[in-house]
Number of protein chains: 2
Amino acid sequence: MARKPQQERSKATMQAIVEAGFISLQTHGLAQTTTRHIADIAGVGVGSLYEYFPNKEAVFKAMNAHLTTEIVAMVRALMPSLVRLEIRPMVIRLLGHFRELLNRNDGRYLKYAGFSMHAERSRQLEAIQQLLVELIMQYALHNPQLTRLRNLPVMSYIFIHGSVFTIIRHLSEPNSNISFEQLSEGLAEMIASYAEAELAKLDAAPRS
Amino acid sequence: MARKPQQERSKATMQAIVEAGFISLQTHGLAQTTTRHIADIAGVGVGSLYEYFPNKEAVFKAMNAHLTTEIVAMVRALMPSLVRLEIRPMVIRLLGHFRELLNRNDGRYLKYAGFSMHAERSRQLEAIQQLLVELIMQYALHNPQLTRLRNLPVMSYIFIHGSVFTIIRHLSEPNSNISFEQLSEGLAEMIASYAEAELAKLDAAPRS
DNA sequence: CTATTGTTCGGATTCAATTCGGAAACGGCA
DNA sequence: TGCCGTTTCCGAATTGAATCCGAACAATAG
C-alpha cells in the first residue's frame, strides 16, 4: 500500500529508495534494476519499498518527479537572466545548464532520462514542456517583436520536443562525432534563424 | 537457442511471432505483452518462440528490424521524387508518408515506435538515421547550392532526430491541440528557413 | 519406408514482483 | 522509567512471467 510517511525516518527511507533507483539504473541497467536491488542499495528490506510505493513503476514515477523538480528549479532560477539574452546565447545557456544537470553524479539523471523517453513514461515530461512553454512566453514578453509570430504554439512544440529529445539522445550516445557544443549551437542557430526569417517575412508583407 | 529456419513452415512461424508481437503490443500494451501472449496470438507454443529467438528482447529487435525494413523501402522508393521538390514540400511529403506507414494496421507500428524510443532500443534507429543522412546527401547533390552549407552533418543530426522524435511523440499523443498538418508544416518551415538563412548569410560574406 | 534432420510443444525450473503477518522502533504519557 | 497505540520495517511465502529442455511430431533424402 502507498503509505503516507508520518515520521522523519520514513521520509528518509522513501528518499533513499528513490536515490537507489537512480543508482541501480546507472550501475546495473534497466534489466538488473529489480526491487530487491533497489532495496539493497537503499539499505532497506524489499517489504519497505512496498510500504511507500504500490509497485516498481511507482518508484520510476517518483524518480521522474524528483528529476522534474530539479529541472523546474533550475529553469526557474535561470529564467530572469535568460529573458535578457539574445536567442542564440539564451538557448546555449539553457542547454548548457540542462546538460550539467543531467551529468551530475556520473550521469545518474541522464541514464534515467534516456529510459524515460518511451511513450508510456514520457507523458510525465509534460511538466517540463509546460515550463518551457512558459519560458518562451516570458521571453516573448521581454522581446515584444516575437509576439507577432503567429504560429508560436506549434513552433514551441517543435523546438521543445526536438531539442529535448535530440539532446538526451546525443548525451546518451557515447559515440558520435558531433560535440555537445556543436549540437547546442546548431539548435540555437536553428531556432534563431527561424525567428529572424519569420519576422523578416512579416516586415515584408505586414498585412497578409 | 536462436535457430536458423531451414524449412518454409519455420519461416512462417518466425514471421507470425513477429507480427504477433506488434499485435500484442497494440492490443494489450507493453506490460501484458508476455511471451505466452505473443505465442498464443501467433498460434504456436511458447517453446517455439524460443527456438528462433533467444529471449523476448530478441522478438522486439526483430520487430524493430521489420519496421526499419519497411521504412527504408518507403524512403528509397520516395527518394527520386523527393530530390526534385523544394525543401518544404519535400519535408511535408516525406513526413506524410512516414505518418501513413506508422498508422497502418490501426497504428500497430506507431505503438511500437513509441516504446522503442528509449535509450537501449533507440540505438537500433541508427539505420533510419543513416538512411535520412543519405537522403539529405542525395538532396544536396540535386540542389548544389546546399553543398555550400558547412555544418550540414550537425544540422542533419538535429533535423533528423528532432523531426523523428517530435513526430512519433505527437502521433502517440491522443491529446494535443496541434494537428499533424501544422506540425509537419512547422518542421518544413523550420528546416527550409534555416537553409535559406544560412545561404543568404554565405552570399553576404562569401569568404568568412 | 526408415534414418536423419528440422520443428513443435508444454511441463519443469528459475527468478522477479508483490503480499502479508507480525517484529521492532517511536512518541506520548502516567 | 515502563506501558500502549501507532508507525515503520521486514523477509518468507505466493504468484506469474521468462526461459530451458527432452520427448514427440513432420519433412525429406536415399
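Thresholds, definitions, all that
- Residues numbered from 1 in each chain as written.
- Chains lettered and ligands numbered in written order.
- Predicted model: local features only at pLDDT ≥ 70, side-chain atom pairs only at ≥ 80, totals over all residues.
- Heavy atoms only, no water.
- Contact = heavy atoms within 4.5 Å.
- Buried area = accessible area lost by both parts, 1.4 Å probe.
- Salt bridge = Lys/Arg side-chain N within 4 Å of Asp/Glu carboxyl O.
- Polar contact = N/O pair within 3.5 Å; in protein donor to acceptor, adjacent residues only side chain to side chain.
- Helix = DSSP H or I, 4+ residues; strand = E, 2+ residues; numbered from the N terminus.
- Nonpolar A, V, L, I, M, F, W, Y, C, P; charged D, E, K, R; others polar.
- Near = heavy atom within 4 Å.
- Least-squares fit on C-alpha atoms with pLDDT ≥ 70 in both.
- Axes fitted to C-alpha atoms, helices over the stretch in contact; angles between N-to-C directions.
- Parallel < 35°, antiparallel > 145°, perpendicular 65-115°, else oblique.
- Left-handed = near helix turned anticlockwise from the far one by under 90°.

Caption draft 1: Summary view of the interface of chain B and chain A. On the side of chain A, 39 residues touch chain B, which itself brings 39 residues to the contact. Across the interface of chain B and chain A, roughly 3300 Å² is buried in total on both sides, 66% from carbon and sulfur atoms. Counting the surface chain B buries against chain A, the share from its top three residues, B:Tyr157, B:Ile158 and B:Arg169, is 19%. Summed over the shared surface of chain B and chain A, the result is two salt bridges. Note that A:Lys201 is salt-bridged to B:Glu189, the shortest N-O span being 2.8 Å. At the surface where chain B touches chain A, the tally comes to four residue pairs in polar contact (both at pLDDT 80 or more). Considering each element in turn, the side of chain B that touches chain A owes the most residues, 12 residues, to helix H8 (residues 152–172) of chain B. The residue makeup of the side of chain B that touches chain A, split by class, is 18 nonpolar, 12 polar and nine charged.

Caption draft 2: Quick look at the protein's contact with DNA strand C. Close contacts around DNA strand C come from 22 residues, with A:Thr35, A:Lys56, B:Gln7, B:Thr13 and B:Gly47 the closest. For DNA strand C, the fraction of protein-proximal atoms (within 4 Å) that sit in sugar or phosphate groups is 69%. Note that a phosphate oxygen of DNA strand C is positioned 2.7 Å from one of the backbone N or O atoms of A:Thr35. A distance of 3.2 Å is found between a base nitrogen of DNA strand C and a backbone nitrogen or oxygen belonging to B:Gly47. At the level of secondary structure, the elements contributing two or more residues to the surface near DNA strand C comprise helix H3 (46–52) of chain A together with helix H1 (8–32) and helix H3 (46–52) of chain B. Per-class residue counts for the surface near DNA strand C are five nonpolar, 11 polar and six charged.

Caption draft 3: Representation of the relation of the copies chain B and chain A. Mapping chain B onto chain A is achieved by rotating through 180° and translating by 0.0 Å along the same axis, at an RMSD of 0.1 Å. The two molecules are tied by a two-fold rotation axis, judged by turn and shift. Residues of chain B ranked by C-alpha distance from the rotation axis are headed by B:Gly162, positioned 1.9 Å from it. A shared binding surface is used by both copies, with 100% of the interface residues of chain B retained as interface residues in chain A.

Caption draft 4: Here's a closer look at the protein's contact with DNA strand D. In the region of DNA strand D, 22 residues are neighbours, and A:Gln6, A:Thr13, B:Thr35, B:Tyr50 and B:Lys56 sit closest. For DNA strand D, the fraction of protein-proximal atoms (within 4 Å) that sit in sugar or phosphate groups is 71%. Here A:Ser48 contributes a side-chain N or O atom positioned 3.1 Å from a phosphate oxygen of DNA strand D. Between A:Glu51 and DNA strand D, the recorded distance is 3.2 Å, taken from a side-chain N or O atom to a base nitrogen. Secondary-structure elements contributing two or more residues to the surface near DNA strand D are helix H1 (8–32) and H3 of chain A together with H3 of chain B. Broken down by element, the surface near DNA strand D gets its largest block of residues, four residues, from H3(A). Within the surface near DNA strand D, the residues separate by chemical class into five nonpolar, 11 polar and six charged.

Caption draft 5: Broad picture of the packing of H1(A) against helix H2 (residues 35–42) of chain A. Residue and element names in this part refer to chain A. The geometry of H1 relative to H2 is characterised by a closest axis approach of 8 Å and an angle of 130° between their N-to-C directions. As the angle between them shows, H1 and H2 are arranged oblique. Pair H1 / H2 crosses with right-handed handedness. Facing H1, whose interface residues are Ala16, Ile17, Ala20, Gly21, Ile23, Ser24, His28 and Gln32, H2 presents His37, Ile38, Ile41 and Ala42. Its residues placed into classes, the contact of H1 with H2 shows seven nonpolar, five polar and no charged.

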